Amino acid sequence: MKKTLCSTGLRWLWLSVLVLVLDIISKQLVLSNFGLHESSPLIPYFNLTYVRNYGAAFSFLASQGGWQRWFFTVVAIGISVTLLVMMYRTSARNKISNIAYALIIGGAIGNLLDRLMHGFVVDYIDFYVGDWHWPTFNLADSWIIIGAGLIIIESFIPDGKKHAEPADKPEDKPESKTPSSD
């Protein structure tokens, strides 16, 4: 049986595109309306604060000499290609895996584009409680975390339930006709 692209997880790439577009729009709005380190309250416990992240999560390796930009570029490309292959090999019916992969790809490419265009990732979501602040992040980071969380959740789902097809109802089955002896 020949596999069509629509029967594979690649059918879910529209979600990667949507995530990427939302990420680009949000970052462009921040770049257009905020100065570096400028902050504005959004809702309780959340500020919009424009910062530049030269590293990875939690500014990991941010203070290095610049090589980390290219390292994280290669990592993002490698992860995206690997997940694309996994999506191709996964049935389109496996929604949780494909949604997870699509979210991670969209987020990874969003941050990759920042690194290539600016040399840093635009971060702006500042979550805080009192004087405690979580490291500033962006929508792409959120999509990546949600995708990773879905992969973890899916690992707890028994294999038989991941691809379970609805059982045929007796009234849906065609009646078998037996030859009569007229």
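- The name an unreviewed UniProt entry gives the protein chain is Lipoprotein signal peptidase, with Morganella psychrotolerans as the organism.
- UniProt annotates the protein chain under Pathway (unreviewed entry) with the comment "Protein modification; lipoprotein biosynthesis (signal peptide cleavage)."
- According to the UniProt record, the Function (unreviewed entry) comment for the protein chain is "This protein specifically catalyzes the removal of signal peptides from prolipoproteins."

**Some words on a nonpolar patch on the surface**
Inference 1: Judged by side-chain polarity, Val17, Val21, Ile25 and Leu29 come together as a nonpolar surface patch covering roughly 350 Å² of accessible area.
Inference 2: If you trace the backbone, Val21 turns up in helix H1 (residues 13–33).

**Quick word on the pairing of strand E3 (residues 121–129)**
Inference 1: Burial within E3 is extensive, with 7 of its 9 residues counted as buried.
Inference 2: Across 6 bridges, the pairing between strand E2 (residues 46–53) and E3 is antiparallel. In the strand pairing of E3, Asn53 is matched with Val121.
Inference 3: As judged from the 2 bridges shared by E3 and strand E4 (residues 132–133), these two strands associate in the antiparallel manner. Along E4, the bridge assignment pairs Val129 with Trp132.
Inference 4: Linking E3 to E4, which pair antiparallel, is a turn of 2 residues; within it Gly130 sits at a positive phi near 60°.

**Here we look at the sheet that holds E2**
Inference 1: Strand order in the open sheet made by the 4 strands is E1-E2-E3-E4, with antiparallel pairing throughout. Because the sheet does not close on itself, it has two edges, and the strands there are strand E1 (39–43) and E4.
Inference 2: Each of E2 and E3 touches H1; the most contacted strand, E3, lies at about 85° to it.

**Thoughts on the UniProt feature "active site" (unreviewed entry) in the protein chain**
Inference 1: In the numbering adopted here, UniProt assigns the feature "active site" (unreviewed entry) to Asp123 and Asp141. For the residues just named, distributed over 19 residues, the greatest C-alpha separation is only 9.0 Å, placing them together at one site.
Inference 2: For Asp123, the position within the fold is in strand E3.
Inference 3: When neighbours within four sequence positions are excluded, Asp123 is seen to be in contact with Thr49, Tyr50, Val51, Asn53, Thr136, Phe137, Asn138 and Asp141.
Inference 4: Only 3.3 Å separates the side chain of Asp123 from the side chain of Asn53, close enough to count as a polar contact.
Inference 5: For Asp141, the location among the structural elements is in helix H4 (residues 139–155).
Inference 6: Among residues more than four places away in sequence, those in contact with Asp141 are Asn111 and Asp123.

Quick notes on the rules
Residues numbered from 1 in each chain as written. Predicted model: local features only at pLDDT ≥ 70, side-chain atom pairs only at ≥ 80, totals over all residues. Heavy atoms only, no water. UniProt positions renumbered as here; feature names shortened; annotations may be inferred. Patch = residues over 30% accessible without salt bridge, like charges linked within 9 Å, V, L, I, M, F, W, Y side chains within 5 Å. Areas by Shrake-Rupley, 256 points an atom, 1.4 Å probe, with all protein chains shown as cover. Salt bridge = Lys/Arg side-chain N within 4 Å of Asp/Glu carboxyl O. Helix = DSSP H or I, 4+ residues; strand = E, 2+ residues; numbered from the N terminus. Buried < 20%, exposed > 50% of the residue type's maximum accessible area, 1.4 Å probe, protein only. Pairing = 2+ DSSP bridges. Contact = heavy atoms within 4.5 Å. Axes fitted to C-alpha atoms, helices over the stretch in contact; angles between N-to-C directions. Polar contact = N/O pair within 3.5 Å; in protein donor to acceptor, adjacent residues only side chain to side chain.

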